[in-house]
Amino acid sequence: MNQPDLHQLWLNSAEQLRRFLAARLADSTAVEDLLQDIFLAAYLKREQLHDPERSRAWLWQIARRKLIDRYRSRRETSELDETLAAEQQQAPPILAGFDQCMQQMLARLPAQDRLVLQRTAFEGISQQALSIELGLSFSGTKSRVQRARQKLRQLFEQCCAVERDADGHVLGCYSQQQSIQLV
């Protein structure tokens, strides 16, 4: 691509790219900086464009990659203090005994409900992978997981009262001392 063609591409695409970036970045200065980076990269890589008919798509591909690179470079990371990590591993007092209670409630569920909850919620397998494992359709698996969650929630609500703040954060969980009905 020669320089006049690149200049024309800039004139035809700059405003659309600016709007595209402005919708994804809050700072207008960052938009202008990234826009310059995109066109600098296009200038430096102009020899890689073999088909001038695809120059617009080529430029947008550079723009998307530059935006992704910007997101990645802005991601903040920090060292995790070992004492903080140890504190994080200790269950908060509100959750003390919750795991045991949850296991008891899971044991009261029918076997197929217990299986789908254990695999998705506790073992972290995706519902898509579970549908393949069980030989069910994806929508059927999603329905089965949803029904199992509803049954577990009913059991939980029968045995426990949950106190929440105005924002919905759990403040406390107390036994209601009622008999739990099997679902």
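Calculation notes
Residues numbered from 1 in each chain as written. Predicted model: local features only at pLDDT ≥ 70, side-chain atom pairs only at ≥ 80, totals over all residues. Heavy atoms only, no water. Helix = DSSP H or I, 4+ residues; strand = E, 2+ residues; numbered from the N terminus. Buried < 20%, exposed > 50% of the residue type's maximum accessible area, 1.4 Å probe, protein only. Contact = heavy atoms within 4.5 Å. Axes fitted to C-alpha atoms, helices over the stretch in contact; angles between N-to-C directions. Parallel < 35°, antiparallel > 145°, perpendicular 65-115°, else oblique. Salt bridge = Lys/Arg side-chain N within 4 Å of Asp/Glu carboxyl O. Patch = residues over 30% accessible without salt bridge, like charges linked within 9 Å, V, L, I, M, F, W, Y side chains within 5 Å. Areas by Shrake-Rupley, 256 points an atom, 1.4 Å probe, with all protein chains shown as cover.

> Can you lay out the environment of Gln118 for me, pointing to particular residues and giving the numbers?
Residue position: Gln118 is located in helix α6 (residues 111-122). Gln118 gets classed as partly exposed once you look at its relative accessible area, which sits at 27%. Sequence separation of Gln118 and Leu106 is 12 residues, and the distance between their C-alpha atoms is 8.5 Å. Apart from the residues lying within four places of it in its own chain, the contact partners of Gln118 are Gln103, Leu106 and Glu123.

> I'd like a rundown of the packing of helix α7 (residues 127-134) against helix α8 (residues 138-159), residues and numbers included.
Put simply, α7 and α8 touch, their axes get as near as 9 Å, and they point 105 degrees apart. By the angle between their directions, the pair α7 and α8 is classed as roughly perpendicular. In this structure, α7 uses Gln127, Gln128, Leu130, Ser131 and Leu134 to contact α8, whose residues at the interface are Phe138, Thr141, Lys142, Arg144, Val145 and Arg149.

> Lay out the pattern of salt bridges with the relevant residues and their values.
Per the counting criterion, the structure on display carries six salt bridges. The partner of Glu15 in a salt bridge is Arg18, with the nearest N and O atoms 2.9 Å apart. Here Glu15 pairs with Arg18, and both are found in helix α1 (residues 3-22), just three residues apart, close to one helical turn. Judged by relative accessible area, which is 42%, Glu15 ranks as partly exposed. In this structure, the salt-bridge partner of Arg46 is Glu47, at a minimum N-O distance of 3.9 Å. For Glu47, a relative accessible area of 57% gives the class exposed. Several salt bridges converge on common partners, so that one network encompasses Glu15, Arg18 and Glu32.

> So, a nonpolar patch on the surface: which residues are in play, and what are the values?
Taken together, the side chains of Leu40, Tyr43 and Leu44 make up a nonpolar region of the molecular surface, amounting to roughly 300 Å² of accessible area. With respect to the element layout, Leu44 can be found in helix α2 (residues 28-44).

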